[in-house]
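# Inside the fold
Here's the letter readout for the chains.
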Amino acid sequence: MATTFVGPSPYLVIFAIVADGGGTATLTPSRPLRVVDVVGYQTAAGGAADTVRIDNNGAAITNNISQNVADTTVWRATTIDDANQSFTAAGPLQIVVVAGAASNASHLFITCVPA
């Protein structure tokens, strides 16, 4: 078994999804990173078509995370594609939001470690 110590701490990307907001937000990191967890919570009830996904330059890192949940519900990525989870300083890390008929207002937290 191999153990790798990554210090001093992970990097946390915090992103607010506005009500009925859809589209792709692109972030360019200052160093190579690896996505290790994605979690968020609703600040208003979501709808059937509301989803969020994290991409590496158009290639999916996570599954489409459903936001079809009640206000205050916590949700998280259930898959992370190891072929796409690491990216260079040029990135880009993309947050892809699909807004349906209901509000998809939420807060998103992406935890990364050095790649």
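This section reports on the structure supplied with the text.

Side-chain pairs of opposite charge can arise where the charged atoms are in close proximity. What the rule picks out here adds up to two salt bridges. Its salt-bridge partner being Arg-76, residue Asp-37 comes within 2.5 Å of it at the nearest N-O pair. You can see Asp-37 sitting in strand β3 (residues 33-42) and its partner Arg-76 sitting in strand β7 (residues 74-76), a full 39 residues away along the chain. In this structure, the salt-bridge partner of Arg-53 is Asp-55, at a minimum N-O distance of 2.7 Å.

Within the secondary structure, Pro-29 sits in the loop between β2 (23-27) and β3. On a C-alpha basis, the gap between Pro-29 and Ala-90 in space is 6.7 Å, while along the polypeptide they are 61 residues apart. Ignoring anything within four residues of it in the chain, the contact list for Pro-29 reads Phe-87, Thr-88, Ala-89 and Gly-91.

What follows concerns the pairing of strand β9 (residues 93-98). For β9, a buried count of five out of six residues is recorded, marking the element as mostly surrounded by other parts of the structure. Across five bridges, β2 lies against β9 in antiparallel orientation. Note that in β9 the partner of Thr-24 across the bridge is Val-96. Bridging between strand β4 (residues 51-56) and β9 involves six bridges; their strand directions are antiparallel.

Cut-offs and rules
Residues numbered from 1 in each chain as written. Predicted model: local features only at pLDDT ≥ 70, side-chain atom pairs only at ≥ 80, totals over all residues. Heavy atoms only, no water. Salt bridge = Lys/Arg side-chain N within 4 Å of Asp/Glu carboxyl O. Helix = DSSP H or I, 4+ residues; strand = E, 2+ residues; numbered from the N terminus. Contact = heavy atoms within 4.5 Å. Buried < 20%, exposed > 50% of the residue type's maximum accessible area, 1.4 Å probe, protein only. Pairing = 2+ DSSP bridges.

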